[in-house]
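Here is how the chains run, residue by residue.
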Protein chains: 4
Amino acid sequence: MLHFENDYNKGAHPALLEALVASNQEGLSGYGTDKYTESAIEKIRLATDCPHAQVTFLAGGTQTNQIVISSMLASYEGVIAADTGHIAVHEAGAIEFTGHKVLALPHTDGKLVASEVENYISDFYADANHAHMVHPGMVYISHPTEYGTLYSKSELEALSTVCRHHNIPLFLDGARLGYGLAARDTDLDLKTIAELTDVFYIGGTKLGALMGEALVFTKNNQPKNFVSIVKHHSALLAKGRVTGIQFDCLFTDDLYLELGRHAIAMAEQLTQILEEKGFQFYLKSPTNQQFVIVKNEELTRLTEVGIAYGFWEKYDDSHSIIRFATSWSTSQADIDALRNRL
Amino acid sequence: MLHFENDYNKGAHPALLEALVASNQEGLSGYGTDKYTESAIEKIRLATDCPHAQVTFLAGGTQTNQIVISSMLASYEGVIAADTGHIAVHEAGAIEFTGHKVLALPHTDGKLVASEVENYISDFYADANHAHMVHPGMVYISHPTEYGTLYSKSELEALSTVCRHHNIPLFLDGARLGYGLAARDTDLDLKTIAELTDVFYIGGTKLGALMGEALVFTKNNQPKNFVSIVKHHSALLAKGRVTGIQFDCLFTDDLYLELGRHAIAMAEQLTQILEEKGFQFYLKSPTNQQFVIVKNEELTRLTEVGIAYGFWEKYDDSHSIIRFATSWSTSQADIDALRNRL
Amino acid sequence: MLHFENDYNKGAHPALLEALVASNQEGLSGYGTDKYTESAIEKIRLATDCPHAQVTFLAGGTQTNQIVISSMLASYEGVIAADTGHIAVHEAGAIEFTGHKVLALPHTDGKLVASEVENYISDFYADANHAHMVHPGMVYISHPTEYGTLYSKSELEALSTVCRHHNIPLFLDGARLGYGLAARDTDLDLKTIAELTDVFYIGGTKLGALMGEALVFTKNNQPKNFVSIVKHHSALLAKGRVTGIQFDCLFTDDLYLELGRHAIAMAEQLTQILEEKGFQFYLKSPTNQQFVIVKNEELTRLTEVGIAYGFWEKYDDSHSIIRFATSWSTSQADIDALRNRL
Amino acid sequence: MLHFENDYNKGAHPALLEALVASNQEGLSGYGTDKYTESAIEKIRLATDCPHAQVTFLAGGTQTNQIVISSMLASYEGVIAADTGHIAVHEAGAIEFTGHKVLALPHTDGKLVASEVENYISDFYADANHAHMVHPGMVYISHPTEYGTLYSKSELEALSTVCRHHNIPLFLDGARLGYGLAARDTDLDLKTIAELTDVFYIGGTKLGALMGEALVFTKNNQPKNFVSIVKHHSALLAKGRVTGIQFDCLFTDDLYLELGRHAIAMAEQLTQILEEKGFQFYLKSPTNQQFVIVKNEELTRLTEVGIAYGFWEKYDDSHSIIRFATSWSTSQADIDALRNRL
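Along each chain, residue indices are assigned from 1 in the same order as the chain's sequence is written. Working convention: letters from A go to chains and numbers from 1 go to ligands, in the order in which they are written. Local features in a predicted model are, by the rule used here, given only for residues with pLDDT of at least 70; side-chain atom pairs are given and counted only at 80 or more, and totals for whole chains, interfaces and linings are based on all residues. Side-chain calculation: all heavy atoms of the structure are included, whereas hydrogens and water are not.

- In the annotation of an unreviewed UniProt entry, the entry for chain A reads Threonine aldolase, and the organism field reads Streptococcus suis.
- UniProt positions are given in the numbering used here, feature names are shortened, and annotations may be inferred rather than shown by experiment. The UniProt entry for chain A carries this comment under Sequence similarities (unreviewed entry): "Belongs to the threonine aldolase family."

This is the structure we're talking about:
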């Protein structure tokens, strides 16, 4: 089977496994106080040009979203997100579970538009009854989005301006951040993201790690007693070394970006193949995911020829939207085989 | 000032106050175990033709919505509501505060449409990823709706059928129920509502009481240990007599319906006056609230001539939607004065 | 039946009912923005000598405790209380329902001892693992306590000093405050309580009102957007007039204190009668409640002679602790009849 | 440094790392649906003699406790635990965070005593006011306990009987289960534990895995839609393979028990050394942890000679309780060096 269904179907990049093996017999302190975690934090501070960044390693994206949102919002606040946002759709209510409403705005190619966010917040404060409504307390975006699209620098600046104007944090979900940073035409790098957002995370689970997300507070704004917050969310790993060692490795010699670039190179070939084969694109993405519209019969054929794809959603009664994803682990052989089988 | 801004700007119907005064020196047991509460429950069982109805008196509508929804849903379930529904907009996140998402569907005249609810639920179960989504666990409707509109019997039957098919409860918010029951052309009476829904409430706060809503579980489906649930929601009144006595009174000699009919008679005159004066209706309502679109300058004029209206929302940059409401307490003199001043 | 079982078995003081009746036809704005509520707030500011006090009227004690505690604590904090405290025992988990642990310390006559609170907090911070524990974020006391006992001024000062030293608020539950203020030998008045605590409430439900508690933030420390907080706790009364009018009345011509003094005078006679009749006191209280230990057979006899008492708890297999309470509504005739029947 | 401070200071048993490496390039489905997870589940069903056990792999102990407790309790229920229980003390309020009170009973050597649990529950139901109290809805025990002690079979049977009599689940926290199973004189094996409890977990984090706990529902009593529950607790690992592969390995050729037995053999030598050196035991444990009382000066000396110990708690002003723990990773060389240095 050729694995194009998602970007988390393999284990970890070999360098990370080797580092886990190499350090295995070292006795290290727990709960994220070990030297590898410290080293990883330093490297991320350097990479983000944010010397005082407060960095915590967590196990997964939903967990990170839940902790950030519930720890930064007041009880009466909700989080603005695109209606296609991961927190709005695919986290089984993890945000509401902690007491907060997701204030979903219509998306544009999976993205929020700054002027629409501004209007939403302005309208809220203009409403005479707003004390009876959920206050907008944060803006959540994902980059790349759930559709693989990217914010431009000017789009992110505009969102940042809106948030600062209303004194609410801008939170960027970077579950697939490396694929965004490595996109050919992006004008957003890690340092700019750190500068324009208040908190964001660098995804490892979908980019070379067994698991792990590096959560970064960039404005000395990490909630007080954050370790206790992580603990009562039941997200504090006893062996913090597991995420620390992997991120230490990912941020050595630019490995994280290199893996992103590899996936993008593979994705460009993938896109070309899909075009050659006449697939209809639902949306063209500059990153590692491509969404195409296929007849429902095609689903069976793909399985028969041994191509694993991701089912996204129903398009109409006879068509479906499906996803092809490359990743840090996609090989040239995979791509070549795909071309032959499609 | 003429009070047409809402239906809760006066105290209570005099008969209720008299009952409170008359019973004042009686020593009664607390927490809803007094004889007036018991009597009120029996009268409501009779009025709903539901001899085993489980009835609890609570202080307000948001409280009732919160308790019903959070006690009937599993942790992974959300509640389907119209996007204009009270729980979706004007309860400051009280539903999310207890951990549940409001699954908002587009409204039609403030109402949910059964076929759209059916499609939503079917699509949910058809989605391969639905374990990662919030499960639809209840349908919430208000009757009258927030726009004063009413479900017909066939519309309610259709919703009831959808809910029973999917084995989820249908919950009817009756904060203004009496105004709906008394509407001229409605084919829904209290008994039919009790039959077609799984749980609903009869609003007192907006219909003659100082405060109080009668929550009715109609299918022997009240969650176990409901007193403890009400208590930990901090909604158990020590002097349950206060709501018990009022509802006992409201359900004596059909007073509740009579108050509704009075408000409707006043509302019909109100509508006629608004028509005569050339107001543009945003929506025509068969109940005690009318929504009209006015130029923003009109807002000032209304205040100047001593007419209190309810500001609803911005219509466009130069117009607003405002509400005129009659109630159990609106007098013919109020209506006559309104005609003169408008 | 003679009602000595609790202090909330009658309706409201007649003056409050009269005020409700007198204002009944006035059109007033909702949600606590009416003139009676404003007037009540001003009178409470005066009575507490706290001109900038932030005052909110809520329906009941559990609700007030829940809102204060959940809105003032960080998510990782709990509230210190005596193990006999209302929040620790008799609120069906209302505090935990909002996510916070009650950190119960052993009581002394129903009270917390300042030095023990200090030790608890110091030990917490001295513990190397305290990030994995619930942080002490507030001290909760009741005055009078659940056993009718009272803090002295020096005891309250000592608690206040501990709280200020650790920068956490001191919260006083005054569900029965008037009975404490009116006790013969207390050296704590309303102004001193306002000064030494950070937040407290003045109970109406058990002291002359149909319902209602006046919550007072004394240090300009009311949480931001408190109306929204009250709303999403589902505790915002549409007809705020109901509590506003009653408290306006209770704080006119010292009525609140007068009712307290009346109950204390009745309680002194009650105590004398219990002594004369040879009852064994579990604890002597200076306020309106007395707890005595009786043989279980006595329970039946009391009921037979028409005396309603409050069952408190099992003492041993053959004895029970029961409560006799006077209140604002206890008459001399009640006391005389009690003497005859006991 | 000799690592005796805890049982989670090394990485994973080499066999587990090898399995992770060997499977690394396989494309596997996510969220616990991969073949290794399935194989691990089957092996655990076999080992527990519970062919229909419902097994889920989670990342850590606090997470597992939180999910089990919050998903099995009704909103008005709390969980009975020893006051030394992990959930009562060292989870930063993770249980309360989900709305539930920990009902702490005094411990006996870290354990709950069945008769005391029975009395607590009986007293609860005998209390006339129990509707205003937190209902006991589950019994939580840890085995080994936080003090390394073990329940005997008859003790566990007695607890099981109490729980079944009151129709509430018995939950066993097995964060260190393997060390209990391998203890010399225990009469509790895995099958008996599965039979006598309703739900329990087999800890991997402290017994040879990088992370991971195997949660086992033994009575076909896993809450409905459990995947969604795990997801909204943000505990669903995208790469379920990571825990699946490790547990598949731990339950191959009895490795899990073998690692436990190794640690116990090392612990017996440790105990002997501590006795020889004249240490005062706080409590003697039959498992891998020993708690001793030392003068505070000894703490410095231990560090100076390169022995890492776990600080447990203050004993008195001049003494401390400290922990020495062996684990699956303790070598004979470690023990020999300890003997020399102590």
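The rest of the description comes next.
**Describing the relation of the copies chain D and chain A**
Then comes step 1: Least squares is the method used to superpose the copies, on C-alpha atoms of residues holding a pLDDT of at least 70 in both. Take chain D, turn it by 180 degrees, move it 0.0 Å along the axis, and it overlays chain A with an RMSD of 0.0 Å. Overall, the copies show the geometry of a two-fold rotation axis.
Then comes step 2: Residue contacts follow a heavy-atom distance rule, with two residues in contact if any of their heavy atoms lie within 4.5 Å. A share of 100% of interface residues in chain D that are also interface residues in chain A marks the association as one of identical surfaces.

**Focus: the relation of the copies chain C and chain D**
Then comes step 1: The operation relating chain C to chain D is a screw motion whose rotation component is 180 degrees, with 0.0 Å of axial translation and a residual RMSD of 0.0 Å.
Then comes step 2: The residues that chain C uses at the interface reappear at the interface of chain D in 100% of cases, marking a shared surface.

**A word on the interface of chain C and chain D**
Then comes step 1: Taken together, the contacts link 20 residues of chain C with 20 residues of chain D.
Then comes step 2: Defined here as a combined quantity, buried area equals the accessible surface (1.4 Å probe) lost by two parts on assembly, summed across both. Buried area between chain C and chain D, both sides added, is near 1600 Å², and the carbon and sulfur share of it is 51%.
Then comes step 3: Among the residues chain C hides against chain D, the three largest losses belong to His-90, Glu-96 and Lys-101 of chain C. Together they make up 29% of the total.
Then comes step 4: Should a side-chain nitrogen of Lys or Arg be within 4 Å of a carboxyl oxygen of Asp or Glu, the pair is scored as a salt bridge. On inspection of chain C and its partner chain D, the count reaches 2 salt bridges.
Then comes step 5: Residue Glu-96 of chain C pairs with Lys-101 of chain D through a salt bridge whose shortest N-O separation is 2.9 Å.
Then comes step 6: Throughout this description, a polar contact denotes any pair of N or O atoms lying within 3.5 Å of each other; where both atoms belong to protein, one of them has to be capable of donating a hydrogen while the other can accept it, and for residues adjacent in sequence the pair is counted only when both atoms sit in side chains. One can count 8 residue pairs in polar contact (both at pLDDT 80 or more) joining chain C with chain D.
Then comes step 7: Looking at the side of chain C that touches chain D, the elements with two or more residues in it are helix H4 (86-89), helix H5 (94-97) and strand S12 (310-316) of chain C. Strands here mean DSSP runs of E at least two residues long; helices mean DSSP runs of H or I at least four residues long; both are numbered from the N terminus.

**A few points about helix H1 (residues 14-22) of chain A**
Then comes step 1: Using a 1.4 Å probe on the protein chains alone, a residue whose accessible area is under 20% of its type maximum counts as buried, one over 50% counts as exposed, and one in between counts as partly exposed. Taken residue by residue, H1 of chain A has Leu-16, Leu-17 and Leu-20 of chain A as its buried positions. For H1 of chain A, the angular spread of buried residues about the axis comes to 100 degrees, placing them on one side. Those residues of H1 of chain A that are exposed and angled more than 90 degrees off the buried face are Glu-18 and Ala-22 of chain A.
Then comes step 2: Residues of H1 of chain A that are buried make contact with helix H11 (241-250) and helix H12 (255-276) of chain A together with helix H1 (14-22) of chain D. An arc is given here, and it is the one of the directions from the helix axis to the C-beta atoms.

**Structural notes on the sheet that holds strand S12 (residues 310-316) of chain B**
Residues and elements named next belong to chain B.
Then comes step 1: Any two strands with at least two DSSP-identified bridges between them are counted as paired. Sheet architecture is open: 4 strands sit in the order S9-S10-S13-S12, paired in antiparallel fashion. Of all the strands in the sheet, the pair left with one neighbour each is strand S9 (280-283) and S12. The sheet shows a mean angle of 35 degrees between the axes of neighbouring strands, direction not considered.
Then comes step 2: Inspection of the sheet shows strand S10 (residues 289-295) paired to strand S13 (residues 319-325) by 7 bridges, in the antiparallel sense. If you follow Lys-295 over to S13, its bridge partner there is His-319. The angle between two axes is taken between their N-to-C directions and runs from 0 to 180 degrees, where each axis is a line fitted to C-alpha atoms and a helix contributes only its stretch in contact.

**A look at the sheet that holds strand S13 (residues 319-325) of chain D**
Residue and element names in this part refer to chain D.
Then comes step 1: One open sheet accounts for 4 strands, arranged S9-S10-S13-S12; its pairing is antiparallel. Across the chains shown, the open sheet's two edge strands, defined by having one partner strand only, are strand S9 (280-283) and strand S12 (310-316). Neighbour-to-neighbour, the strand axes of this sheet turn through a mean angle of 35 degrees, independent of strand direction.
Then comes step 2: Against the sheet, helix H12 (residues 255-276) contacts S9, strand S10 (289-295) and S13, and its axis sits at roughly 20 degrees relative to S10.
Then comes step 3: On top of the sheet, helix H13 (residues 296-304) reaches S10, S12 and S13; it is set at about 115 degrees to S10, its chief contact.

**Topic: the packing of helix H2 (residues 35-47) of chain A against H11 of chain A**
For any two helices packed against each other, one specifies the crossing angle of their axes together with the interaxial distance.
Residues and elements named next belong to chain A.
Then comes step 1: Contact geometry of H2 with H11 gives a least axis separation of 8 Å together with a crossing angle of 40 degrees. With respect to their mutual orientation, H2 and H11 come out oblique. Judged by the sense of rotation from one axis to the other, the crossing of H2 with H11 is left-handed. The segment H2 lies against H11, with Tyr-36, Thr-37, Ser-39, Ala-40, Lys-43 and Ile-44 engaging Arg-241, Gly-244, Ile-245, Phe-247 and Asp-248.
Then comes step 2: Within the contact of H2 with H11, the residues separate by chemical class into 5 nonpolar, 3 polar and 3 charged. With respect to orientation, any angle under 35 degrees is reported as roughly parallel, any angle over 145 as roughly antiparallel, any angle of 65 to 115 as roughly perpendicular, and every other angle as oblique. Each crossing is labelled by how the near helix is turned from the far one, with a counterclockwise turn of less than a right angle marking it left-handed and a clockwise turn marking it right-handed. Ten residues, namely Ala, Val, Leu, Ile, Met, Phe, Trp, Tyr, Cys and Pro, are considered nonpolar, four, namely Asp, Glu, Lys and Arg, are considered charged, and the remaining ones, Gly among them, are considered polar.

**Some details on the packing of H1 of chain D against helix H11 (residues 241-250) of chain D**
Residues and elements named next belong to chain D.
Then comes step 1: Where H1 contacts H11, the axes come no closer than 9 Å and their chain directions differ by 130 degrees. It follows that H1 is oblique to H11 by the angle criterion. Classified by chirality, the crossing of H11 by H1 is right-handed. For the pair H1 and H11, contact is made by Ala-15, Leu-16, Ala-19 and Leu-20 and by Val-242, Ile-245, Gln-246, Cys-249 and Leu-250, respectively.

**Things to note about helix H3 (residues 61-72) of chain D**
Residue and element names in this part refer to chain D.
Then comes step 1: What a helix should span is 1.5 Å times the count of its residues minus one. Under the 1.5 Å per step criterion, the end-to-end length of H3 is 16 Å for 12 residues, consistent within 8% with the ideal 16 Å.
Then comes step 2: Along H3, 12 of the 12 residues are buried, which leaves the element largely enclosed by surrounding structure.
Then comes step 3: Every buried residue of H3 is listed here: Gly-61, Thr-62, Gln-63, Thr-64, Asn-65, Gln-66, Ile-67, Val-68, Ile-69, Ser-70, Ser-71 and Met-72.

**Considering the confidence of the model for chain A**
Predicted coordinates in regions of low pLDDT should not be interpreted in detail.
Then comes step 1: Each residue carries a pLDDT score, the predictor's confidence in it, ranging from 0 to 100. Counting all residues, the mean pLDDT for chain A is 97, and 100% of those residues have values of 70 or more.
Then comes step 2: Two numbers describe this predicted complex: its pTM, 0.97, and its ipTM, 0.97.

**Observations regarding the interface of chain D and chain A**
Then comes step 1: Each partner contributes residues to the interface: chain D has 42 residues there, and chain A has 42 residues.
Then comes step 2: Joining chain D to chain A, the criterion identifies 0 salt bridges.
Then comes step 3: At the junction of chain D and chain A, the tally comes to 29 residue pairs in polar contact (both at pLDDT 80 or more).
Then comes step 4: Those elements giving two or more residues to the side of chain D that touches chain A turn out to be H1, H3, helix H5 (94-97), helix H10 (226-232) and H11 of chain D.
Then comes step 5: Top contributing element to the side of chain D that touches chain A by residue count: H1 of chain D, with 4 residues.

**Here we look at the environment of Ala-92 of chain A**
Then comes step 1: Inspection of the secondary structure assignment puts Ala-92 of chain A in the loop between helix H4 (86-89) and helix H5 (94-97).
Then comes step 2: Under the relative-accessibility criterion, Ala-92 of chain A is labelled buried at 3%.
Then comes step 3: Note: C-alpha distance between Ala-92 of chain A and Thr-62 of chain A (30 residues apart in sequence) is 9.5 Å.
Then comes step 4: For Ala-92 of chain A, the residues in contact, after removing those within four places along its chain, are Ala-131, His-132, Met-133 and Val-134 of chain B together with Ser-228, Lys-231 and His-232 of chain D.

**A few points about the environment of Glu-96 of chain B**
Then comes step 1: Its place among the elements puts Glu-96 of chain B in helix H5 (residues 94-97).
Then comes step 2: Taking C-alpha positions, Glu-96 of chain B is 24 Å from Ala-114 of chain B, a pair spaced 18 residues apart along the chain.
Then comes step 3: Setting aside residues up to four positions removed in sequence, Glu-96 of chain B forms contacts with Glu-96, Gly-99, His-100 and Lys-101 of chain A together with Val-102 of chain B.
Then comes step 4: Polar contacts involving the side chain of Glu-96 of chain B include one to the side chain of Lys-101 of chain A, which spans 2.9 Å.

**Considering the pairing of strand S13 (residues 319-325) of chain C**
Then comes step 1: For S13 of chain C, a buried count of 6 out of 7 residues is recorded, marking the element as mostly surrounded by other parts of the structure.
Then comes step 2: The turn linking S12 of chain C back onto S13 of chain C is made up of 2 residues.

**Points about the environment of Glu-91 of chain A**
Then comes step 1: Turning to its location among the elements, Glu-91 of chain A is positioned in the loop between H4 and H5.
Then comes step 2: As a C-alpha pair, Glu-91 of chain A and Asn-65 of chain A span 26 residues in sequence and 9.4 Å in three-dimensional space.
Then comes step 3: Glu-91 of chain A has contacts with Thr-62, Asn-65 and His-86 of chain A, His-132 of chain B together with Lys-231 and His-232 of chain D, leaving out every residue within four places of it along the chain.
Then comes step 4: Only 2.8 Å separates the side chain of Glu-91 of chain A from the side chain of Asn-65 of chain A, close enough to count as a polar contact.

**With respect to the pattern of salt bridges**
Then comes step 1: What the rule picks out here adds up to 44 salt bridges over all chains.
Then comes step 2: A salt bridge links Glu-276 of chain A to Arg-339 of chain A; the nearest nitrogen and oxygen atoms lie 4.0 Å apart. With Glu-276 of chain A in helix H12 and Arg-339 of chain A in helix H14 (residues 332-341), the pair connects residues that are 63 residues apart, well separated along the chain.
Then comes step 3: Under the relative-accessibility criterion, Arg-339 of chain A is labelled partly exposed at 27%.
Then comes step 4: Linking Asp-248 of chain B and Lys-43 of chain B is a salt bridge whose minimum nitrogen-to-oxygen distance equals 2.8 Å.

**A short note on the state of the cysteines**
Put plainly, a disulfide is one covalent bond tying together the sulfur atoms of two cysteines.
All names here are of chain A.
Then comes step 1: We call a pair of cysteine sulfur atoms a disulfide whenever their separation is within 2.5 Å. Following the criterion strictly, the structure yields 0 disulfides over all chains and no others.
Then comes step 2: Cysteine Cys-163 shares no disulfide, and the gap to the nearest cysteine sulfur, in Cys-50, comes to 17 Å.
Then comes step 3: Judged by relative accessible area, which is 0%, Cys-163 ranks as buried.

**A look at the UniProt feature "domain: Aromatic amino acid beta-eliminating lyase/threonine aldolase" (unreviewed entry) in chain A**
Then comes step 1: In this numbering, the UniProt entry assigns the feature "domain: Aromatic amino acid beta-eliminating lyase/threonine aldolase" (unreviewed entry) to residues 14-281 of chain A.
Then comes step 2: What you have in residues 14-281 of chain A is 45% helix and 15% strand, and the ends, taken at the C-alpha atoms, are 33 Å apart.

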